[in-house]
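Read off the chains here:
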Amino acid sequence: MPSAPPSAGLPAVRGAVAKYDYQHRKVRTQLQRLIDAGQGWCAEPVCLMPTREIPPGSGPDDWHVCHDPSGTKIIGPGHARCNESEAAKRGNAMRQGVTTLAW
């Protein structure tokens, strides 16, 4: 596991629309370098894969840039499956009127 949290040194994102702009692509490039160096670990609170490691050489379909529940802070890389599951939980909770999810 990494010694520093995956989000160390990563910027906050200003609003949901800004998640996929130049800043997002820049952070994704930084995270890809970490992953390729063997330092990629799933940052989602619940990892659904056999290991939290995101193996070197993993491509854009294998991992996502993960955000905190507010969608404004990048928490690090995560397996695509883990990130999509977390997003589905949040979306379902919002549709049911739940405003926060406890991790």
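Residues numbered from 1 in each chain as written. Predicted model: local features only at pLDDT ≥ 70, side-chain atom pairs only at ≥ 80, totals over all residues. Heavy atoms only, no water.

## Section: the overall build of the chain
And step 1. In terms of regular secondary structure, the chain is built from two helices and two strands.
And step 2. Tracing the chain from N to C terminus, the helices and strands come up as α-β-β-α.
And step 3. Across the 103 residues that make up the chain, the buried fraction comes to 38%.
And step 4. Taking all contacts inside the chain whose residues are at least 6 apart in sequence as the whole, residues at least 24 apart take part in 53%.
And step 5. When the accessible surface of the chain is totalled, it reaches about 6,300 Å², and 56% of it is carbon and sulfur. (Helix = DSSP H or I, 4+ residues; strand = E, 2+ residues; numbered from the N terminus. Buried < 20%, exposed > 50% of the residue type's maximum accessible area, 1.4 Å probe, protein only. Contact = heavy atoms within 4.5 Å. Areas by Shrake-Rupley, 256 points an atom, 1.4 Å probe, with all protein chains shown as cover.)

## Quick notes on the pairing of strand S1 (residues 63–67)
And step 1. The buried count for S1 comes to four of five residues, which makes it a mostly enclosed element.
And step 2. Bridging between S1 and strand S2 (residues 74–79) involves five bridges; their strand directions are antiparallel. Paired with His64 across the bridge in S2 is Gly78.
And step 3. With antiparallel pairing between neighbouring strands as the criterion, S1 and S2 make up a hairpin whose turn holds six residues, including Gly71 at a positive phi of roughly 80°. (Pairing = 2+ DSSP bridges.)

## Side note on the nonpolar core
And step 1. Counting residues in each nonpolar core, the largest one holds seven residues, listed as Val27, Leu31, Ile35, Ile54, Trp63, Val65 and Ile74.
And step 2. For this core, the elements supplying multiple residues, two or more each, are helix H1 (22–36) and S1.
And step 3. No other element matches H1, which puts three residues into this core. (Core = buried A, V, L, I, M, F, W, Y, C linked by side-chain atoms within 4.5 Å.)

## A look at the confidence of the model for the chain
And step 1. Summarising the model, the chain shows a mean pLDDT of 83, and 76% of its residues fall at 70 or more.
And step 2. Here helix H2 (residues 80–95) is the element of the chain with the lowest mean pLDDT, 88, and S2 is the one with the highest, 96.
And step 3. Note on residues 13–18: pLDDT under 50 across the span, and nine contacts to partners over four residues away in sequence or across chains. (pLDDT = per-residue confidence, 0-100.)

## With respect to the pattern of salt bridges
And step 1. Taken as a whole and judged by the stated rule, the model has one salt bridge.
And step 2. The partner of Glu86 in a salt bridge is Arg90, and the shortest N-O contact between them spans 3.3 Å. Taken together, the positions of Glu86 and Arg90, both in helix H2 and four residues apart, correspond to about one turn of that helix. (Salt bridge = Lys/Arg side-chain N within 4 Å of Asp/Glu carboxyl O.)

## Observations concerning H1
And step 1. Helix length check: H1, at 15 residues, gives a terminal C-alpha distance of 21 Å against a target of 21 Å (1.5 Å per residue), a fit within 8%.
And step 2. Of the positions making up H1, those classed as buried are His24, Val27, Arg28, Leu31, Gln32 and Ile35. One side of H1 carries all its buried residues, which in axial view fall inside an arc of 145°. For H1, the exposed residues set more than 90 degrees away from the buried face come down to Tyr22 and Arg33.
And step 3. Where H1 is buried, its residues touch S1 and S2.
And step 4. Its side-chain oxygen placed 3.0 Å from the backbone nitrogen of Gln23, Asp21 serves as the N-cap of H1.
And step 5. Immediately downstream of H1, the backbone of Gly38 shows phi near 80°, a positive value. (Expected span 1.5 Å × (residues − 1). Arc of directions from axis to C-beta. Polar contact = N/O pair within 3.5 Å; in protein donor to acceptor, adjacent residues only side chain to side chain.)

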